[in-house]
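Reading the structure
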Amino acid sequence: IAEERALVLRLEKERIHLLAGVSREPSNELRAPLTMISSSVYAAQNAASPQQRKEKLAQIEVSTSHMTQIIDTLQLLADLDVRTTLSLSEFTVRDWLETLPNAVRELIDRRSHRLIREFDKSNPVTLYADFYLLRSALQQLLLNAALYTPEGGLITLKAAQVEDTIEVTVSDNGGGIAPEALEAIFDRFTKLNRTRMQDGSGAGIGLAI
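Residues numbered from 1 in each chain as written. Predicted model: local features only at pLDDT ≥ 70, side-chain atom pairs only at ≥ 80, totals over all residues. Heavy atoms only, no water.

On to the sheet that holds strand 5 (residues 165-172). Read across the sheet, three strands follow the order 2-4-5 without closing on themselves; strand pairing throughout is mixed. Where the open sheet ends on each side, the last strands, each with one partner, are strand 2 (114-118) and strand 5. In this sheet, adjacent strand axes meet at a mean angle of 10° when their direction is disregarded. Bridge count for strand 4 (residues 154-162) against strand 5 is eight bridges, and the pairing is antiparallel. Following the sheet pairing, Thr156 is matched in strand 5 by Ser171. (Pairing = 2+ DSSP bridges. Helix = DSSP H or I, 4+ residues; strand = E, 2+ residues; numbered from the N terminus. Axes fitted to C-alpha atoms, helices over the stretch in contact; angles between N-to-C directions.)

Right, let's talk about the nonpolar core for a bit. In terms of nonpolar packing, the biggest core is built from 22 residues, with Val93, Trp96, Leu97, Val104, Leu138, Leu142 and Ile155 touching the most fellow members. Taken together, the elements giving at least two residues each to this core come down to helix 3 (93-98), helix 4 (102-110), strand 3 (126-130), helix 5 (131-147) and strand 4. In terms of residues, this core owes the most to one element, helix 5, which gives six residues. Apart from the residues within four sequence positions on either side, Leu142 is in contact with Leu100, Val104, Leu115, Ile155 and Val170. (Core = buried A, V, L, I, M, F, W, Y, C linked by side-chain atoms within 4.5 Å. Buried < 20%, exposed > 50% of the residue type's maximum accessible area, 1.4 Å probe, protein only. Contact = heavy atoms within 4.5 Å.)

Rendered as structure tokens:
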């Protein structure tokens, strides 16, 4: 009985710790773009030239997009925590890999990356799965690659059929991750190096998704 109570207490402490992280980390991440928006609005209102005003408005647009991405990611994570069913449908690998969400396209274009897709377009392999969830998973991998690759970098999206499975690989020529840190990359709110991106890198839950 004592061991059972100790286990229940430990699980409750872990739950409280997780909930604290859920509320604390996104709040910290949202504060940065909000601060940028606030300062940019003030600077735009007092800009000495139309060009300076244009630059500040562009910064506001980037920060707004960053906030939207964080909120959308948190909503998806919350949905996955309570989801009990899948919305299954048939679609081709080509449809899955070529229909990129706007957030991915915008970030890749903004950072002047080159995206290469490598898969057999002549072979219409059909999948039976949840298209929304698979596209969300691919989105998180591509966003992660775009965020941590220097501007003008190369991102490669490969897909190959191996027997009765489809293997998908996202690779880039960014700085990479230290081998000793690999075990933590799928943990929620894990950001291995907060200084690598000046314009923010989400809430640290993309790979957890």
